[in-house]
Amino acid sequence: MTGFMKGAMILTVAGLLVKVIGAVSKVIVARILGGEGVGLYQMAYSLYQLIISIGAAGLPVALSIMIARKVGQEDYRGARHIFKVALTTMGMLGVLLSVAFYIAIPYVIEIGLITDNRAEGALLAVAPAIGIVSLLACFRGYFQGFQNMLPTGISQVCEQLGRVLVMVGAAIYFLPQGIELASSRAALSSVIGVGLGLVVLLYYYGRESKLEGQIFPLESPKTIIKDLMTLAFPVAVANIMIPLIGAIDLWLVPQQLMLSGYGKEEATTAFGYLTGMATSLISLPVIVTMSLATSLVPAISRLHRERDREEIHHRMETALRMTNIVTIPAFVGLCVLATPISQMMFDTPNAGGSIAVLSTSIWLLGVQQVTTGALQGLGRTAIPMFTLLLGAVLKILLNLYLTPQWGIEGAAWATNVDFGIAAVANLYILYRSTSFTISFLEIGKILFSSLAMGGGTVMFYNFMSTILSNTMSVALSILLGIVLYVLALSITKTMQVKEFTDLAKQAMKKGGSK
């Protein structure tokens, strides 16, 4: 297995662990602090996430591209020089951002951006984390540039564990002294979490063997900073595009539903089915594709520097093949079992329609993420930003037309078009840039295998639901679906059972590659 695939698997496992830990913590903290305390905490945490997504979201990608280029030349001294310049610069900017955030808090509350002034303590608590995140992003970009994803994966898990343990402990300990104090102390978990993640990365950096390689002239700090910002800015903009569109949906979709005859409470409930339930389900399978995209960036960047177009095509084919193998059956399975899964997960069948329609986004978003990683590796970091913007504009227009016509399912279809347009546009740019083409025959085989799985799964569920509970029927149907899918892939010679067992064995091993 290549270093690229090992890296993707490490990040996938880490991403799943982070999701599971986060989901469990939400339940625990909600039970301790209640809706009021969680609301105060989220006011601070949401603003903190917005700030770091603007300030540091594009940094690991940009830095990994620059370092991968140096690694491709065996200019390890140059790679370390770029890292040190980036670390110094982002460290200073991080401190300035933390201080500015700290000073701005009273004004943010005064102008009404934060509606409850009791959240001030939580906001003050998260301020130092902004500076630490800048350093964390630099270290992750450095290791990713060497295609060593193990430090990033372990630091992500440790960061989440540290955040959750402190959040739960602080909530329990300080709750007797009042909900305001408990929420503000729980917010300190962000600082502890990123601090622990940074310690892990410092540990790996300290034990790293220093490679000598070739000697090239060092770039000036000014050139490095300019290149870093040029690459990072469009990535950061693209990263905030999806939450920004979510914010527009928050205003637009309920309004359009009410125009079509929904009452206020009906519109809010339907919007909750789409954004709170359906969206949370499609985010799980794309952990795999996000990991593939992250691992693909330095791999493509290094090969692009070496002008190895054949190997670039091979890496992209591998990434898209794995994307299709994971996301197409996930979309089909979620679509055919949408209502039973809605009942099992959310104790209501009413989100089934939204889940069934939005399930298509699993495949489309997966392709968009992986093609974005390929384009970023080629140094064309602005392209994904523009393709996402194009998709977002069409989504808004379709929301205005489809939501009054088809209800909340119309809004779901608008989201599918958003990701679909971005994915197709990315594929087109990749074709124009590298002559890369996708295999429709292979996609057809995977789709056929997935549909066969879907048909068998639905028939099995319909039978089992007459003798077992819904939860048991869904669980057994999913297990059968996995077996049917693997067999179908083997019969169509798309992927052999041995490949699945090899992947499973590799997933159990620790490792990364440089």
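About the criteria used
- Residues numbered from 1 in each chain as written.
- Predicted model: local features only at pLDDT ≥ 70, side-chain atom pairs only at ≥ 80, totals over all residues.
- Heavy atoms only, no water.
- Helix = DSSP H or I, 4+ residues; strand = E, 2+ residues; numbered from the N terminus.
- Rg over C-alpha atoms; globule rule 2.2 N^0.38 Å.
- Buried < 20%, exposed > 50% of the residue type's maximum accessible area, 1.4 Å probe, protein only.
- Phe/Tyr/Trp six-rings, centres within 6.5 Å; stacked < 30°, edge-to-face > 60°.
- Lys NZ or Arg CZ within 6 Å of the ring centre and 35° of its normal.
- Core = buried A, V, L, I, M, F, W, Y, C linked by side-chain atoms within 4.5 Å.
- pLDDT = per-residue confidence, 0-100.
- Axes fitted to C-alpha atoms, helices over the stretch in contact; angles between N-to-C directions.
- Parallel < 35°, antiparallel > 145°, perpendicular 65-115°, else oblique.
- Left-handed = near helix turned anticlockwise from the far one by under 90°.
- Contact = heavy atoms within 4.5 Å.
- Nonpolar A, V, L, I, M, F, W, Y, C, P; charged D, E, K, R; others polar.
- Salt bridge = Lys/Arg side-chain N within 4 Å of Asp/Glu carboxyl O.

Break down the overall build of the protein for me, with residues and values.
Broken down by element type, the protein carries 19 helices and 0 strands. Computed over its C-alpha atoms, the radius of gyration of the protein comes to 23 Å, within 12% of the 24 Å expected for a compact globule of 514 residues. Referenced to the eigenvectors of the C-alpha coordinate spread, the extents of the protein come out at roughly 70 × 60 × 40 Å. Looking at the protein residue by residue over its 514 residues, the buried ones come to 51%.

Can you break down the packing of aromatic side chains residue by residue, with the values?
On inspection of all chains with the given rule, the structure shows 11 aromatic pairs. When the ring centre of F174 is taken as origin, the NZ or CZ atom of R185, which lies over that ring, is 5.7 Å away.

Please provide a residue-by-residue account of the nonpolar core, values included.
Grouped together as the largest cluster of nonpolar side chains are 70 residues, with contacts concentrated most on Y48, L63, I67, F83 and F101. Elements that contribute at least two residues to this core include exactly α1 (3-55), α2 (59-72), α3 (76-110), α4 (120-145), α5 (150-174), α6 (179-187), α7 (189-206) and α8 (221-259). In terms of residue count, the dominant contributor to this core is α4 (14 residues). Membership of the second largest hydrophobic core comes to 57 residues, among which are L378, A423, L427 and I446.

Could you give an account of the confidence of the model for the protein, naming the residues involved and the relevant values?
For the protein, per-residue confidence averages 85 on the pLDDT scale, and residues scoring 70 or more make up 93% of the total. Least confident of the elements in the protein is helix α19 (residues 497-508), whose mean pLDDT is 53; most confident is helix α17 (residues 440-464), at 94.

So, the packing of helix α11 (residues 309-336) against α17: which residues are in play, and what are the values?
Close contact between α11 and α17 brings their axes to 9 Å; oriented N to C, the two are set at 30 degrees. By the criterion of interaxial angle, the relationship of α11 to α17 is roughly parallel. Along this stretch, α11 crosses α17, giving a crossing that reads as right-handed. Here α11 contributes R321, N324, I325, I328, P329, V332, G333 and V336 to the contact with α17, which in turn contributes E442, I443, I446, L447, S450, L451, M453, G454 and V458. Its residues placed into classes, the contact of α11 with α17 shows 11 nonpolar, 4 polar and 2 charged.

Please provide a residue-by-residue account of the side chain of S473, values included.
Assignment of secondary structure puts S473 in helix α18 (residues 470-491). Owing to a relative accessible area of 0%, S473 belongs among the buried residues under this scheme. Discounting residues that sit within four places of it in the chain, S473 has contacts with Y461, M464, S465 and L468.

Account for the environment of G193, with residues named and values stated.
Tracing the backbone through its elements, the reader meets G193 in helix α7. For the pair G193 and I132, spaced 61 residues apart in sequence, the C-alpha to C-alpha distance is 10.0 Å. The residues touching G193, leaving out its near neighbours within four places in the chain, are E159, G162 and R163.

For the pattern of salt bridges, give the residues involved together with the corresponding values.
All chains considered together, the criterion is met by 6 salt bridges. With a shortest N-O distance of 3.1 Å, K70 and E219 are connected by a salt bridge. Highlighted residues: K70 in helix α2 and E219 in the loop between α7 and α8, separated in sequence by 149 residues. The partner of E159 in a salt bridge is R140, and the shortest N-O contact between them spans 2.9 Å. Pair noted here: E159 is in helix α5 and R140 is in helix α4, with a separation of 19 residues, a long-range link. In terms of burial, E159 and R140 fall into one category: buried. Beyond isolated ion pairs, a larger network of salt bridges with shared partners links K70, D75 and E219.

How would you summarise the environment of A56 if you had to cite specific residues and measurements?
Note that A56 resides in the loop between α1 and α2. For the pair A56 and V235, spaced 179 residues apart in the sequence, the C-alpha separation amounts to 9.8 Å.

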